[in-house]
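# Descriptive analysis of the structure
Each chain is listed here by its residues.
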Amino acid sequence: MRTPKEMVGGLTLKPLSETRWESRVESVQEIRFQDPKIRDALDYLAENFDDPKARSDADALATSETHGIGRFEFLFGLVIWYDLLFIVNTVSKVMQIENIAIDTALVQLKGLLSYFRNYREVGFEAAKAETKIIAESMDVEPKFQ
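Quick caveat: nothing in here was measured; it's all calculated off a predicted structure. (Residues numbered from 1 in each chain as written. Predicted model: local features only at pLDDT ≥ 70, side-chain atom pairs only at ≥ 80, totals over all residues. Heavy atoms only, no water.)

## Some words on the side chain of Arg 39
Structurally, Arg 39 can be placed in helix 2 (residues 21–48). Within the buried core, Arg 39 has no salt-bridge partner, and the shortest N-O distance to an opposite charge, that of Asp 43, equals 4.2 Å. If near-sequence neighbours (up to four positions away) are discounted, Arg 39 is found in contact with Ala 62, Ile 69, Gly 70, Met 138 and Val 140. (Helix = DSSP H or I, 4+ residues; strand = E, 2+ residues; numbered from the N terminus. Buried < 20%, exposed > 50% of the residue type's maximum accessible area, 1.4 Å probe, protein only. Lys, Arg positive; Asp, Glu negative; His and termini not counted. Salt bridge = Lys/Arg side-chain N within 4 Å of Asp/Glu carboxyl O. Contact = heavy atoms within 4.5 Å.)

Encoded structure:
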């Protein structure tokens with residue numbers, strides 16, 4: 001029998017930093033790309049933990065209709081959040097370069113605004129299509145409740 005840590009391939013969830021965009025991306029990235037494994041580990045814990053409260057918490061995180069990790073709405077939000085954090089972090093890193101030229105900074109900011117406009121137009125549908133693939137791989141019905 002594999003342990004929950006083995007089930008998620010040694011995955012460790014990252015703590016959130018108040019000051020670094022990169023920590024936000026890393027925190028979301030681990031869940032975004034390992035969601036099926038995390039849900040499997042939570043299911044395992046819900047069935048095998050000795051502590052009743054911990055079993056209940058694991059079960060709620062895995063299956064809750066309002067905030068479970070295996071809900072289509074959760075997965076959709078996760079895909080969108082990762083997409084947006086990733087681009088903001090990329091621009092943030094460039095903006096932190098010590099000797100950045102003002103014209104380079106302006107190009108980066110304009111590019112970020114353009115990305116957001118484009119995401120509003122086509123990104124949500126692309127995120128929804130990507131979420132459907134993830135949901136189907138997890139046997140989650142790919143529709144909003």
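## Regarding the nonpolar core
In a soluble, globular protein the nonpolar side chains are often hidden away together inside. In terms of nonpolar packing, the biggest core is built from 12 residues, these being Phe 72, Leu 75, Phe 76, Val 79, Ile 80, Leu 84, Tyr 119, Ala 127, Ile 134, Ala 135, Met 138 and Val 140. For this core, the secondary structure elements donating two or more residues are helix 4 (72–95) and helix 5 (102–137). A per-element tally of this core places helix 4 first, with 6 residues. If near-sequence neighbours (up to four positions away) are discounted, Ile 134 is found in contact with Arg 32, Leu 75 and Val 79. Counting residues in hydrophobic clusters, the runner-up holds 6 residues, among them Ile 38, Ala 46, Ala 62 and Ile 69. (Core = buried A, V, L, I, M, F, W, Y, C linked by side-chain atoms within 4.5 Å.)

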